[in-house]
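Structural features, examined
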Amino acid sequence: MSQFFQIHPENPQARLISQAVEIIKGGGIVALPTDSCYALVCRLDDKDAVTRLRRIRNVDDKHHLTLLCRDLSEISQYAKVDNQQYRLLKAATPGAYTFILEATKEVPRRLSHPSRKTIGLRVPENRIVHALLEELAQPLLGTTLILPDEDEPLTDPEDVRDRLTKVVDLIIDGGACSFIPTTVIDLTGPEPVLQRQGRGDAAPFGL
């Protein structure tokens, strides 16, 4: 059975954040709210947890998982970012965007796209996620909480609890989320490419 924490969305309780981080460090998978949908997250360098996460979502290694980062400097550790890309990222973070960029050697090979060597990254605008990232002091690996054979993400923490209480290690109730996922923008080419229109406005990227 998973644990269930009610964490205040504006003033996350430090004690519960610390407990959640310990669960993540111990190999746990956590369902949590973001500034778009609920997501499943685990530790970046935990191979077994990543395998479990992919199994819950029923996705293979060609499905981009996303690194949830604290800020732009952390993104630059895990992705190759030139000056033009940096300006675009700076204008749109934090926010409801996922960016596809070329992965650096800091990203385990099993996490980047097997043929393109790319990775999805984002800086979420959610205080619970930021508190977890600060306490953990490294990115979280995440994916939108869409269950197999379903098209819509789970957005209500009670629904998440009903559906996943025997599957994940912790469910964080930070209130209901949007059902609209992030906007996904590929920045690996000479011009930005819109891969998915979501909650983030694509206009600043000329899209």
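To start, this report covers the structure provided alongside it. (Residues numbered from 1 in each chain as written. Predicted model: local features only at pLDDT ≥ 70, side-chain atom pairs only at ≥ 80, totals over all residues. Heavy atoms only, no water.)

Structural notes on the overall build of the protein
Where we set the bar: What counts as a helix is a DSSP run of H or I of at least four residues, what counts as a strand is a run of E of at least two, and both are numbered from the N terminus. Relative accessibility decides the category of a residue: with a 1.4 Å probe and only protein chains considered, values under 20% of the type maximum give buried, values over 50% give exposed, and everything between is partly exposed. Note on definitions: a residue-residue contact is assigned when non-hydrogen atoms from the two residues lie within 4.5 Å. Just so you know, the count uses Lys and Arg for positive and Asp and Glu for negative, and it drops His and the chain ends. A charge is said to be at NZ when it belongs to Lys, at CZ for Arg, at CG for Asp and at CD for Glu.
When helices and strands are tallied, the protein shows six helices and 10 strands. Once the C-alpha set of the protein is aligned to its principal axes, its extents read approximately 45 × 35 × 30 Å. Scored against the burial criterion, the 207 residues of the protein give a buried share of 54%. For the protein, the proportion of contacts with a sequence separation of at least 24, taken over those separated by at least 6, is 65%. Within the protein, one finds 25 positive and 29 negative side-chain charges whose respective centroids are separated by 6 Å.

So, the nonpolar core
The criterion, for reference: Definition used in this section: a nonpolar core is a set of buried Ala, Val, Leu, Ile, Met, Phe, Trp, Tyr and Cys residues joined via side-chain atoms within 4.5 Å.
Membership of the largest hydrophobic core comes to 41 residues, with the highest contact counts inside it found for L40, L67, I75, F99, L121 and L145. At the level of elements, β3 (39-43), α2 (47-57), α3 (72-78), α4 (83-92), β5 (97-102), β6 (118-122) and α6 (157-164) are the ones that each hand at least two residues to this core. Looking at which element gives the most residues to this core, the answer is α2, with four residues. Setting aside its immediate chain neighbours within four residues, F99 contacts L89, A92, T93, I119, G120, L121, I185, L187 and F205. A20, I23, L32 and L140 belong to the second-largest nonpolar core, a separate cluster that totals 21 residues.

Considering the side chain of T182
What counts here: Throughout this description, a polar contact denotes any pair of N or O atoms lying within 3.5 Å of each other; where both atoms belong to protein, one of them has to be capable of donating a hydrogen while the other can accept it, and for residues adjacent in sequence the pair is counted only when both atoms sit in side chains.
Along the chain, T182 falls in the loop between β8 (170-173) and β9 (183-186). Separated by 2.9 Å, the side chains of T182 and T98 make a polar contact. In terms of polar contacts, T182 uses its side chain to reach the side chain of R196, at 2.9 Å. Apart from residues lying up to four places away in sequence, T182 is in contact with S36, A96, Y97, T98, R122, R196, G198 and R199.

As for the packing of helix α1 (residues 14-25) against helix α5 (residues 127-136)
Cut-off, in case you're wondering: Helix axes are fitted to C-alpha atoms over the stretch in contact, other axes to C-alpha atoms as well, and angles between N-to-C directions run from 0 to 180 degrees. Handedness of each helix crossing follows the sense of rotation of the near helix against the far helix: counterclockwise by less than a right angle gives left-handed, clockwise gives right-handed.
Between α1 and α5, the shortest axis-to-axis distance is 9 Å and the interhelical angle comes to 60 degrees. The two elements α1 and α5 cross, and the hand of that crossing is right-handed. Packed against α1, whose contacting residues are I17, S18, A20, V21, I24 and K25, the element α5 presents I128, A131, L132, E135 and L136 at the interface.

Re the sheet that holds strand β10 (residues 193-196)
Operational definition: Only strands joined by at least two bridges in the DSSP assignment are considered to pair.
The mixed open sheet is built from 10 strands, whose spatial order is β1-β8-β2-β3-β7-β4-β6-β5-β9-β10. Two strands in the sheet have a free side with no partner beyond their single neighbour: β1 (3-6) and β10. Between one strand and the next, the sheet's axes are offset by a mean angle of 30 degrees, whatever the strand orientation. Where strand β4 (residues 66-68) lies against strand β7 (residues 140-144), three bridges are found, and the strand directions are antiparallel. Bridged to L67 within β7 is L141. α1 contacts β1, β2 (30-32), β3, β7 and β8 of the sheet and is inclined by roughly 150 degrees relative to β1.

What to know about unusual backbone geometry
Cis peptide bonds are those with omega within 30 degrees of zero, and the linkage from T93 to P94 qualifies with -5 degrees. Structurally, P94 is set in the loop between α4 and β5. A positive phi angle, close to 60 degrees, is found at N58, a residue other than glycine. Mapped onto the elements of the fold, N58 is located in the loop between α2 and β4. You will see that D149, though not glycine, has its phi angle at about 65 degrees, which is positive. Tracing the chain through its elements places D149 in the loop between β7 and α6.

As far as function goes, none of this settles anything; it's purely spatial.
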